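So the chains spell out like this:
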Amino acid sequence: MERDARVQKSSIYEPRAPQKRYQRKLSSSKVGLAGASPMYAEIPHVRRSKSQQAREKMTVMMLSEDPEYLLHIWIQSEEYPLQNYEMVKVRNRIVSLLRKQCGEAVQADDMERLCEIVAKTEDMLLMLRITTTAPWFKKAKQILIDRDAEMNGSP
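These numbers come from a predicted model, not from an experiment. (Residues numbered from 1 in each chain as written. Predicted model: local features only at pLDDT ≥ 70, side-chain atom pairs only at ≥ 80, totals over all residues. Heavy atoms only, no water.)

1. Description of the nonpolar core
1) Next: If you look at the biggest cluster of nonpolar residues, it comprises 31 residues, and the most contacted ones within it are Met58, Trp74, Tyr80, Val90, Ile94, Leu114 and Trp136.
2) Next: Sorting the residues of this core by element identifies helix 1 (50-61), helix 2 (67-75), helix 3 (84-108), helix 4 (111-127) and helix 5 (135-152) as the ones contributing at least two each. (Core = buried A, V, L, I, M, F, W, Y, C linked by side-chain atoms within 4.5 Å. Buried < 20%, exposed > 50% of the residue type's maximum accessible area, 1.4 Å probe, protein only. Helix = DSSP H or I, 4+ residues; strand = E, 2+ residues; numbered from the N terminus.)

2. Focus on helix 1
Each turn of an α-helix holds 3.6 residues, which means side chains three or four residues apart point in the same direction.
1) Next: With 12 residues, helix 1 extends 16 Å from end C-alpha to end C-alpha; this agrees with the ideal 16 Å at 1.5 Å per step.
2) Next: If you check which residues of helix 1 are buried, you get Ala54, Met58 and Met61. The buried side chains of helix 1 occupy one side of the element, clustering within an arc of 55 degrees when seen end-on. When the buried face of helix 1 is taken as reference, the exposed residues oriented beyond 90 degrees from it are Thr59 and Val60.
3) Next: Close packing links the buried residues of helix 1 with helix 2 and helix 3. (Expected span 1.5 Å × (residues − 1). Arc of directions from axis to C-beta. Contact = heavy atoms within 4.5 Å.)

3. Observations regarding the packing of aromatic side chains
1) Next: Within the structure shown, the criterion is met by 1 aromatic pair.
2) Next: Judged by centre distance (5.9 Å) and plane angle (75 degrees), the rings of tryptophan 136 and phenylalanine 137 are edge-to-face. (Phe/Tyr/Trp six-rings, centres within 6.5 Å; stacked < 30°, edge-to-face > 60°.)

4. Details of the pattern of salt bridges
Oppositely charged side chains can pair when the atoms bearing their charge come close.
1) Next: Evaluation of the coordinates by the stated rule reveals 6 salt bridges.
2) Next: A salt bridge links aspartate 109 to arginine 147, with the nearest nitrogen and oxygen atoms 3.0 Å apart. Of this pair, aspartate 109 sits in the loop between helix 3 and helix 4 while arginine 147 sits in helix 5, placing them 38 residues apart in sequence.
3) Next: A salt bridge links lysine 141 to glutamate 122; the nearest nitrogen and oxygen atoms lie 3.6 Å apart. Of this pair, lysine 141 sits in helix 5 while glutamate 122 sits in helix 4, and the two are 19 residues apart along the sequence.
4) Next: A residue is classified by how much of its surface remains accessible, and lysine 141, at 29% relative accessible area, is partly exposed. (Salt bridge = Lys/Arg side-chain N within 4 Å of Asp/Glu carboxyl O.)

5. Considering helix 4
1) Next: Over its 17 residues, helix 4 runs 24 Å from end to end, which matches the ideal 24 Å to within 8%, given 1.5 Å per residue.
2) Next: For helix 4, the full list of buried residues reads Met111, Leu114, Ile117, Val118, Thr121, Met124 and Leu125. One side of helix 4 carries all its buried residues, which in axial view fall inside an arc of 145 degrees. In helix 4, the exposed positions angled more than 90 degrees off the buried face are occupied by Glu112, Glu116 and Leu126.
3) Next: Each element contacted by the buried residues of helix 4 is listed here: helix 2, helix 3 and helix 5.

No statement about biological role is implied by the geometric values presented.
Right, here's the structure in full:
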């Protein structure tokens, strides 16, 4: 039987031991040899950090279509150990949902609903510290102003 050169034992007791640890040959045994045998560790259960748990929870919450619910999450952001760029995703999701609701109300030509959405949107944008000069928001407000002018009979 031929001996495999890769599995020969290496020890500090060899007459000419390698100078560098990485040059030593690995031992074929996991225990009992004083050579350069690597450590074997078994990690049975990986524990998730609080930020990983919060990130997973936030991913599930972001599926919500309710901007008020997401605003509530954003206001309580200190409860979630997340970085600012991760909370910006929540902010952007709120704004995109508000924009979508305004667009739907304009297309449906439902002025009562549009009025409610514009009022709610203005409050939310101010709470989120976002300017209320976004083109989609200005357009929705202008539609309301024009309709109000038509109803009151102003030229």
